[in-house]
Amino acid sequence: MKKFFVLIVPAVALLCSSAVTIAEDGPHDDAIKARQSLMQLYGYHVGILSAMAKEKMEYDAELATEAADNLLAVSRMGQSTLWPQGSDNSNPDNAENRALPVIWETYPEIAEKGKALNDALVALSAEAGNGLDALQDSMGDVGGSCKGCHDDYRAEKK
């Protein structure tokens, strides 16, 4: 029984301190951190594919297919909870982020841009493993769709 308390008491204390830390965060920090993680996944896989497309890395059909499929899978995740109203960079209570308030003011347009990204990733997933030329051709649409949102809805790095 003594071993039980020796193990459980520190675990409960750790959980309670985590709850306090979470409570001290801004109103949208969890959503912001989650969407930033999602963007890191995009960036990681785009980085692999870009390196191959720019011939900075040897083309590998299997790896290209895997990276493209992973991008498509990430794009298909429901993201509505990652973008709550007010989770932009103008709210000083939010975790640091670069999302501009205009995101929530242009809903139909931003949804169309999201669809354009998904369409580009569907094409990329189908073509990435079919040779360097196919990968290079498909990457242009992916880059363009990413740039479309980043140019309009993301603040510059400080």
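Residues numbered from 1 in each chain as written. Predicted model: local features only at pLDDT ≥ 70, side-chain atom pairs only at ≥ 80, totals over all residues. Heavy atoms only, no water.

A. Focus on the confidence of the model for the chain. For the chain, the average pLDDT comes to 86, and 85% of its residues sit at 70 or higher. Confidence drops under pLDDT 50 across residues 1–23; counting only partners more than four residues distant or on other chains, this segment forms two contacts. (pLDDT = per-residue confidence, 0-100. Contact = heavy atoms within 4.5 Å.)

B. Molecular detail of helix α2 (residues 29–53). End to end, α2 covers 35 Å across 25 residues, agreeing with the expected 36 Å (1.5 Å per residue, within 8%). After α2 finishes, the residue E55 shows a positive phi value of roughly 60°. (Helix = DSSP H or I, 4+ residues; strand = E, 2+ residues; numbered from the N terminus. Expected span 1.5 Å × (residues − 1).)

C. Structural context of the packing of aromatic side chains. Counted by the stated rule, this structure contains one aromatic pair. The interplanar angle of 50° and the centroid separation of 6.3 Å between the aromatic rings of W83 and W104 together place this pair among those described as tilted. Taken together, the residues W83 in the loop between α3 (61–75) and α4 (107–127) and W104 in the loop between α3 and α4 connect sequence positions 21 residues apart. Judged by relative accessible area, W83 falls into the partly exposed class, the value being 24%. (Phe/Tyr/Trp six-rings, centres within 6.5 Å; stacked < 30°, edge-to-face > 60°. Buried < 20%, exposed > 50% of the residue type's maximum accessible area, 1.4 Å probe, protein only.)

D. Layout of the side chain of H28. By secondary structure assignment, the location of H28 is in the loop between α1 (2–24) and α2. Within the structure, H28 has its side chain in polar contact with the backbone oxygen of Q85 (distance 3.4 Å). Those residues in contact with H28 that sit more than four places away from it in its chain are P84, Q85, G86, S87 and N94. (Polar contact = N/O pair within 3.5 Å; in protein donor to acceptor, adjacent residues only side chain to side chain.)

E. Quick peek at the nonpolar core. Formed by 21 residues in total, the largest nonpolar core has its most connected members in Y42, L49, L121, L124 and L135. Secondary-structure elements contributing two or more residues to this core are α2, α3, α4 and α5 (132–153). Not counting chain neighbours up to four residues away, the residues in contact with Y42 comprise L71, V74, S75, Q79, L117 and L121. One finds I103, W104, C149 and Y153 within the second-largest nonpolar core, a separate group that totals six residues. (Core = buried A, V, L, I, M, F, W, Y, C linked by side-chain atoms within 4.5 Å.)

F. Summary view of the pattern of salt bridges. The full count for this structure, using the stated rule, is three salt bridges. Notably, a salt bridge pairs D152 with K113, separated by 2.8 Å at the nearest N-O pair. Remark: K113 occurs in helix α4 and D152 occurs in helix α5; sequence separation between them is 39 residues. (Salt bridge = Lys/Arg side-chain N within 4 Å of Asp/Glu carboxyl O.)

G. Layout of the side chain of S87. You can see S87 is positioned in the loop between α3 and α4. A distance of 2.7 Å separates the side chain of S87 from the backbone oxygen of P84, its partner in a polar contact. With sequence-adjacent residues up to four places away left out, S87 is seen in contact with H28, I32, R35, N94, N97, A99 and W104.

H. The arrangement of a negative patch on the surface in detail. Where like charges cluster on the molecular surface, the negative patch consists of E58, D60, E62, E66 and D69. Within the secondary structure, E66 sits in helix α3. (Patch = residues over 30% accessible without salt bridge, like charges linked within 9 Å, V, L, I, M, F, W, Y side chains within 5 Å. Areas by Shrake-Rupley, 256 points an atom, 1.4 Å probe, with all protein chains shown as cover. Lys, Arg positive; Asp, Glu negative; His and termini not counted. Charge placed at Lys NZ, Arg CZ, Asp CG, Glu CD.)

I. Structural view of α5. Between its first and last C-alpha atoms α5 spans 31 Å; for 22 residues at 1.5 Å apiece the expected length is 32 Å, and the two agree. Among the residues of α5, A134, L135, S138, M139, V142, S145, C149 and Y153 are the ones counted as buried. Where α5 is buried, its residues meet α2 and α4.

J. Inspection of the environment of S125 at higher detail. Turning to its location among the elements, S125 is positioned in helix α4. As a C-alpha pair, S125 and D69 span 56 residues in sequence and 5.3 Å in three-dimensional space. Contact partners of S125, with chain neighbours within four places excluded, come to A68, D69 and L72.

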